[in-house]
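Fold and geometry: a report
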Amino acid sequence: MTVNTRAVYAPLLTVAAVGGLLAAFLGVPAVWLLLWVGPLLPLLALVARWSPVRSGAVAASLGVAAVALWPLPLMWGKSSWLEVCGAAAFWALPALGALAAGGYLRRQASRTRQAVRDGRRDQQLELARDLHDFVAHDVSAIVVQAQAARFVADKDPEQAVRALERIEAAGLGALASMDRTVHALREAAGARSVSVPGTSELPGLVERFEVGVLDADPAAVRALSREADTTAYRVAVEALTNVRRHAPGAAVVRVRLHRAAKGIELSVANSAPARSANGLLGLRRRGGTGLAGLRGRVEAAGGTLRAGPSADGGWRVCAVFPARGRTLG
């Protein structure tokens, strides 16, 4: 239904209401007045549903008055004021009912539009987090490897070549993450859905770290729900990204996924770096949502997220998710 069509209802109801009232007071036969009242009821509903508030309120007031007062000329001088008021109240009921029906449909449509807007906003926030969680990790790896290649290029060209290979792999990973984001946008427009990265991709993720060590229990992986599986991968991405930023001199980074007393535990722990670092939660001064942004996701998946210094002077991030069919106490 076009905007121009909707704009016609209020003027049409106004003309019909005023014309009907004049016809009633000019002595038009009652049967014609009853036939005239019939179309006013659906017009009232259409005005309440589609018309702008200001013009619709004026037209609706005239319409209700026309429906309620049409029998007044027929009863004038023949009935008491009480009977006249009762007849007006009786005929006002269907008019108000038509307005209520149109207003209900208008309210439902408004709620639907608001839900769509909220969904789009949530999707935009989701994509922003995805860009940070996945792309920032690969871009950070590219920067670190490029810096390393610059220092060893003259003394050890072979090491520089290997660094360039790692830069290429990280760049391809960033492109793949961008592709997933684009596919997610297409999916919102009605295209087919795409797979979301989960813990099955942890080996490739950890392999990009020269000092990375992965210990994943297949039974623990199978015990994760789909939402928890995806969130666990994102926690690992964010934690490893922050290792590159804030603890580049760490001798070892251990990623472990196993069953624990409270559920399925994913932990990312780095040893003490060779130089001072801010820790995994030391976010950049500008931009980035970091692990603080993932905390809400972990909790939404039924889990808990902790981060802090470890006993060996390093840093440890730990997310615990409930196994399928269980909730965390």
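Structure's up top.
This write-up is about the structure you can find in this document. (Residues numbered from 1 in each chain as written. Predicted model: local features only at pLDDT ≥ 70, side-chain atom pairs only at ≥ 80, totals over all residues. Heavy atoms only, no water.)

1. Comments concerning the sheet that holds strand 5 (residues 315–321)
Spatial strand order, 1-2-3-5-4: five strands in an open sheet with mixed pairing. Each edge of the open sheet carries a strand with a single partner, namely strand 1 (212–216) and strand 4 (304–309). In this sheet, adjacent strand axes meet at a mean angle of 10° when their direction is disregarded. The pairing of strand 1 with strand 2 (residues 253–260) spans five bridges and is classified as parallel. Across the sheet, residue A216 finds its bridge partner in strand 2, namely L257. Against the sheet, helix 9 (residues 226–246) engages strand 2, strand 3 (263–270), strand 4 and strand 5, with an angle of about 10° to strand 3. (Pairing = 2+ DSSP bridges. Helix = DSSP H or I, 4+ residues; strand = E, 2+ residues; numbered from the N terminus. Axes fitted to C-alpha atoms, helices over the stretch in contact; angles between N-to-C directions. Contact = heavy atoms within 4.5 Å.)

2. Concerning the pattern of salt bridges
What the rule picks out here adds up to four salt bridges. The partner of R162 in a salt bridge is E158, and the shortest N-O contact between them spans 3.0 Å. Within this pair, R162 and its partner E158 are both found in helix 6 (residues 157–188), separated by four residues, close to a single helical turn. Between R256 and D215 there is a salt bridge, with the nearest N and O atoms lying 3.6 Å from each other. Of the two residues, R256 is situated in strand 2 and D215 in strand 1; the sequence distance between them amounts to 41 residues. A relative accessible area of 39% places R256 in the partly exposed class. (Salt bridge = Lys/Arg side-chain N within 4 Å of Asp/Glu carboxyl O. Buried < 20%, exposed > 50% of the residue type's maximum accessible area, 1.4 Å probe, protein only.)

3. Regarding the packing of aromatic side chains
Under the counting rule described, the total for this entry stands at one aromatic pair. With a centroid separation of 5.7 Å and an interplanar angle of 85°, the aromatic rings of F90 and W91 are classed as edge-to-face. Accessibility expressed as a relative area gives 24% for W91, which makes it partly exposed. A cation over a ring is seen here: R49 above W50, with NZ or CZ 3.7 Å from the ring centre. (Phe/Tyr/Trp six-rings, centres within 6.5 Å; stacked < 30°, edge-to-face > 60°. Lys NZ or Arg CZ within 6 Å of the ring centre and 35° of its normal.)

4. A word on the pairing of strand 4
Bridge analysis of strand 4 against strand 5 gives six bridges, and the strand direction is antiparallel. Note on strand 5: the bridge partner recorded for G308 is R316.

5. Some words on the layout of surface pockets
In this structure, the largest pocket spans a volume of roughly 500 Å³. Forming the walls of the largest pocket are 21 residues, and the residues nearest its centre are V144, Q145, A148, R244 and P248. Contributions of two or more residues to the lining of the largest pocket are made by helix 5 (81–152), helix 6 and helix 9. Ranked by residues supplied to the lining of the largest pocket, first place goes to helix 5 with six residues. Its residues placed into classes, the lining of the largest pocket shows twelve nonpolar, three polar and six charged. (1 Å grid on protein atoms, 1.4 Å probe; cavity = no way out; pocket = protein on both sides within 12 Å on 5 of 7 lines; lining within 4 Å. Points joined across faces, edges and corners; volume = space filled by probe spheres on them. Nonpolar A, V, L, I, M, F, W, Y, C, P; charged D, E, K, R; others polar.)

6. Regarding the nonpolar core
Core analysis: the biggest nonpolar cluster contains 31 residues, and V235, L266 and F321 have the highest contact counts within it. Residue assignment for this core shows that the elements contributing at least two residues are helix 7 (202–207), helix 9, strand 2, strand 3, helix 10 (290–300) and strand 5. Per-element tally for this core: the top contributor is helix 9, with nine residues. With 23 residues, the next largest nonpolar core counts W36, L43, V64 and A95 among its residues. (Core = buried A, V, L, I, M, F, W, Y, C linked by side-chain atoms within 4.5 Å.)

7. Focus: helix 9
Think of an α-helix as turning once every 3.6 residues; residues three or four places apart then point the same way. When the terminal C-alpha atoms of helix 9 are compared, their 30 Å separation across 21 residues agrees well with the 30 Å that a helix rising 1.5 Å per residue should span. The buried fraction of helix 9 amounts to 18 of the 21 residues, a majority that puts the element mostly inside the structure. (Expected span 1.5 Å × (residues − 1).)

8. What to know about the packing of helix 2 (residues 30–50) against helix 3 (residues 53–69)
Direction vectors running N to C along helix 2 and helix 3 enclose 155°, while the axes themselves pass 10 Å from each other. Between helix 2 and helix 3, the angle is such that the two are roughly antiparallel. The crossing of helix 2 and helix 3 is left-handed. Contacts between helix 2 and helix 3 involve W36, V37, L40, L41, L44 and V47 from the first element and G56, A59, A60, G63, V64, A66 and V67 from the second. Partitioning the contact of helix 2 with helix 3 into residue classes produces eleven nonpolar, two polar and no charged. (Parallel < 35°, antiparallel > 145°, perpendicular 65-115°, else oblique. Left-handed = near helix turned anticlockwise from the far one by under 90°.)

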